[in-house]
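Residue-level structural notes
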Amino acid sequence: MADQTPPKEIVVALKGAHRHYTTPAGVVRALDGVDLEIRQGEFAVLAGPSGSGKSTMLNLIGALDQPTGGEVYIDGVALSSQSKQALAALRRDRIGFVFQSYNLIPVLTVLENVEYVMLLQGVPEATRHQRAKAILAELGLEGMLNRRPVELSGGQQQRVAVARAVVSKPALVLADEPTANLDSQTSAALMDAMMALNQTHATTFICSTHDPDLMARASRLIKLRDGKLDDREEAQG
Amino acid sequence: MLTKISWRNLRRRPLRSLLTGMMIVGGTIMVVFSLGVQHGSYGMITDLACKSGLGHLQVQREGFLDKPTIFKTLKDAPAAIAALEADPAVVGVSGRVEVGGLFAHGERTVGGLLMGVDPVKEGTVTTLPKRLVPQLDPPNEGAWLPATRGEDDPLPVVLDETLANKLKAKIGDEISFMSYGADGSIIAELFVLIGLMDAGDGDTPLAFTRLQDAQALLVLGDRLHRLVVAVKALKDVKRVQRRVSLAEGDVLLGWDEVMPGLAKSIESDRAGGYIFLIIVLLVVLLGVANTMLMSVFERTREFGVLLALGTSPRQIVAMTLIEAGWLSALSVLVGAIIGGALNAWLGEGGIPLGEYSMDFGGMTIDRMPAINDTLGLVVIPAVIMIFGVLAALMPALRAAKLDPSKALRIDG
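Starting from 1, residues in each chain are numbered consecutively following that chain's sequence as written. A letter from A marks each chain and a number from 1 marks each ligand, given out in the order of writing. Given that this is a predicted model, residues contribute local features only at a pLDDT of at least 70 and side-chain atom pairs are listed and counted only at 80 or more, while totals for whole chains, interfaces and linings are drawn from all residues. Side-chain metrics rest on all non-hydrogen atoms present in the structure, leaving aside hydrogens and water.

Bringing the interface of chain A and chain B into the picture now. Every residue pair with non-hydrogen atoms within 4.5 Å of one another is taken to be in contact. Residue-level contacts link 25 residues of chain A with 28 residues of chain B. Accessible area, probed at 1.4 Å, shrinks when two parts are joined; the buried area is that loss added up over both. A buried area of about 2,300 Å², summed over both sides, lies between chain A and chain B, and 60% of it is on carbon and sulfur atoms. For the chain A face of the interface with chain B, the top three residues by lost area are Gln-85, Val-107 and Tyr-116 of chain A, together amounting to 24%. Of the charged contacts, one joins Glu-112 of chain A and Arg-8 of chain B as a salt bridge, the two residues approaching to 2.4 Å between their closest N and O atoms. Two N or O atoms count as a polar contact when they lie within 3.5 Å, although within protein this holds only if one can serve as hydrogen donor and the other as acceptor, and sequence-adjacent residues are included solely when both atoms are side-chain atoms. Counting every contact that joins chain A to chain B gives seven residue pairs in polar contact (both at pLDDT 80 or more). Among the elements of the structure, helix 2 (84–94) and helix 3 (110–121) of chain A are those that each provide at least two residues to the side of chain A that touches chain B. For the side of chain A that touches chain B, the element with the most residues is helix 3 of chain A, which contributes six residues. Throughout, the ten residues Ala, Val, Leu, Ile, Met, Phe, Trp, Tyr, Cys and Pro are labelled nonpolar, Asp, Glu, Lys and Arg are labelled charged, and all others, Gly among them, are labelled polar. Taken together, the residues that form the side of chain A that touches chain B break down as 12 nonpolar, five polar and eight charged. By definition here, a salt bridge exists when the distance from a side-chain nitrogen of Lys or Arg to a carboxyl oxygen of Asp or Glu is within 4 Å. Counting from the N terminus, the helices are DSSP H or I runs at least four residues long and the strands are E runs at least two residues long.

Written as structure tokens, this is what we have:
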């Protein structure tokens, strides 16, 4: 049998990935046999109407969910062969998440939220502080280190979420509609920040979005429809 | 940071945490206080029982307790006395001899036990010398046994009031006693009744005479049947038992072995007290479990985020248990401090029993003192705390088993 493992520079690979849900109304094919490869340093955007499978694909890539068929590889590692503990470690060490509704930990300050993943990784305190402060300064949040999430605007919270996602230098950042709850000016600022991080740190980004501005700025646009890749997928930038 | 998150989560719903905490505080206060009074009362009753006649400890010849006979004397009484008196916790040691026989006065004869006691040292180990009962008709205060006796003076005897009543004897009357000596000979002797006393609620009628006189009468020489020992505090009983070694054939018995009936009734009563403890533990278990379950339900999405960020299921369990640990530890600490302070405040004075006072071994129990001991103030509160943490185990496992992709879709 031929080796299915993707080459090293491929950060994400989906091979015939299915995610079907059984409901009382019948089987829902949220993702239906998708083959996809994302290379290191790409800024890829998943686009498509609601229910097209964008969030499902992000959940599979982020090791938050398991495919009902096919395989998902991160850095060449097949996720189906990993234990729960190993998947948690993979998420901690290799993947950063930016959620649509920010999902900061409400009882932690801005600085502590950004440090959280590094703490799980066992990064020494001094290094944690220094890296968290540096990324927050890069994102224009240097004056807000000790604020709680509830004291921040939506745009500020989303920038903290981005800082949390990239601070530990993951191979991959997954962002689920990161600009959905933001006004156009804040969205533009956030996109600038993500693009800059993508370019300066060569971090791979995969974002799902309905936002045409974000689609326009992506290096690669991946269109989904009814759980399948749309033939009109196009490379950009 | 897990500890920090847990602590801050506890403060997120201050009213709910406060209510659950108050429930644990209340339960802990009740347990610490009730155990304090219970243990204080047991201590007082036991101490009274020991001082009423049998002492905190006794040295006997092995087998004497079950089958006492005049022939089972101590192997090496002087060595035992020296060892006991050298122990810092021992406050008094007094020797005794005893023999069963017939007491007679006029036409009346009653079986009973004649005990030879040291008139001076007895007062250091029991309250017997202080428990004289005045005779009313004719009025006579009576007297305890004299330390010395002239060669021609009659042999003095102090009778238990019950025995004196059965014999219809009054102070100054002659009482005859018949038994057998350690050499097998029949002995018969005349005593003069010098005092009446309340010797307690025992079944055997008792009579007390001077140790030296009794040893001579029973042909025992300087041999003894028992050494009665008093210690500074009840807790010293086991320590002295561990520390003091005796000649082979002699045994050092604690009060619980000498008075097994008392020990058994205290144990039964103690078991009853633990039912109350179990109820409190159940209340704590349900209270903390309910609080933590609500907390986990409310934070389902947050747990989803933590899992997505790479927090391991084990860390989620730890975080939830630490949160319950904070709640339980602080509440139990406050409860133990208040309960302990209440016990310390009541102290020896205890709760007055008023009209419910009772007589025990010639002494009146008119209060229930409270004490703080390791079991009531440390061990049991620690058990409550552990239960508080264990109560969070089910909610913690539930949080750890969450499917992050589903948890992230939950509102809230």
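Turning our attention to the side chain of Thr-204 of chain A. All names here are of chain A. With respect to the element layout, Thr-204 can be found in strand 8 (residues 204–209). Residue exposure (1.4 Å probe, protein chains only): buried if accessible area is under 20% of the type maximum, exposed if over 50%, otherwise partly exposed. Of the residues examined, Thr-204 reaches a relative accessible area of 0% and is grouped as buried. In this structure the side chain of Thr-204 is engaged in a polar contact, spanning 2.8 Å, whose partner is the backbone nitrogen of Gly-41. There is a polar contact of 3.3 Å between the side chain of Thr-204 and the backbone oxygen of Ala-171.

This part is about the pairing of strand 1 (residues 10–23) of chain A. All names here are of chain A. Following DSSP output, two strands are said to pair if at least two bridges run between them. Note that strand 1 and strand 2 (residues 26–39) share 11 bridges and pair antiparallel. Counterpart to His-20 in the pairing with strand 2 is Arg-29. Linking strand 1 back to strand 2 in an antiparallel pair, the connection comprises two residues. One ladder, built from five bridges, connects strand 1 with strand 4 (residues 69–74); its direction is antiparallel. Note on strand 4: the bridge partner recorded for Val-12 is Ile-74.

How large an interface is tends to be reported as the accessible area lost when its parts come together. Along its sequence, chain B is organised into domain 1 (2–49 + 263–407) and domain 2 (96–228). Residue ranges assigned to the domains are those given by an automatic or database domain assignment. Computed over C-alpha atoms only, the centres of domain 1 of chain B and domain 2 of chain B are separated by 54 Å.

Turning our attention to empty space enclosed by the protein. Cavities and pockets were defined on a 1 Å grid built from protein atoms only: a cavity is a group of points that admits a 1.4 Å probe but offers it no way out, a pocket is an open group of points flanked by protein on both sides within 12 Å along at least five of seven lines, and a lining residue is one with an atom within 4 Å of any such point. Grid points are joined across faces, edges and corners, and a volume is the space filled by probe spheres set on the points. Here the structure, examined in full by the defined rule, presents one cavity of 30 Å³ or more. As for the largest cavity, its lining consists of Arg-91, Arg-92, Ile-95, Gly-96, Phe-97, Val-117, Arg-164, Ala-165 and Ser-168 of chain A together with Ala-308 and Leu-309 of chain B. Those elements that place two or more of their residues in the lining of the largest cavity are helix 2, strand 6 (95–98) and helix 5 (154–166) of chain A. Broken down by class, the residue content of the lining of the largest cavity amounts to six nonpolar, two polar and three charged.

Residues and elements named next belong to chain B. Considered as a void within the structure, the largest pocket measures approximately 1,100 Å³ in volume. Every residue lining the largest pocket is counted, 39 residues in all, and those nearest its centre are His-39, Gly-43, Leu-234, Lys-235 and Ile-371. Every element with two or more residues in the lining of the largest pocket is listed here: helix 2 (14–54), helix 4 (122–125), strand 10 (226–231), helix 7 (236–243), helix 8 (255–258) and helix 9 (260–298). Tallying contributions element by element places helix 2 first for the lining of the largest pocket, with nine residues.

Next up on the list: the packing of aromatic side chains. Stacked, edge-to-face and tilted are the three classes for Phe, Tyr and Trp ring pairs, Trp counted by its six-membered ring, which pair at centre distances within 6.5 Å; planes under 30 degrees apart are stacked, over 60 edge-to-face, the rest tilted. Per the counting criterion, the structure on display carries six aromatic pairs over all chains. When the ring of Phe-97 of chain A is compared with that of Phe-99 of chain A, the centres are 5.8 Å apart and the planes differ by 5°; the resulting orientation is stacked. The buried category is assigned to Phe-99 of chain A, whose relative accessible area is 8%. Consider the rings of Phe-103 of chain B and Phe-177 of chain B, whose centres lie 4.7 Å apart with planes at 40°: the pair is tilted. Note that Phe-103 of chain B is positioned in strand 2 (residues 90–105) and Phe-177 of chain B in strand 7 (residues 174–180), a separation of 74 residues in sequence. The exposure class assigned to Phe-103 of chain B is buried, which follows from its relative accessible area of 0%.

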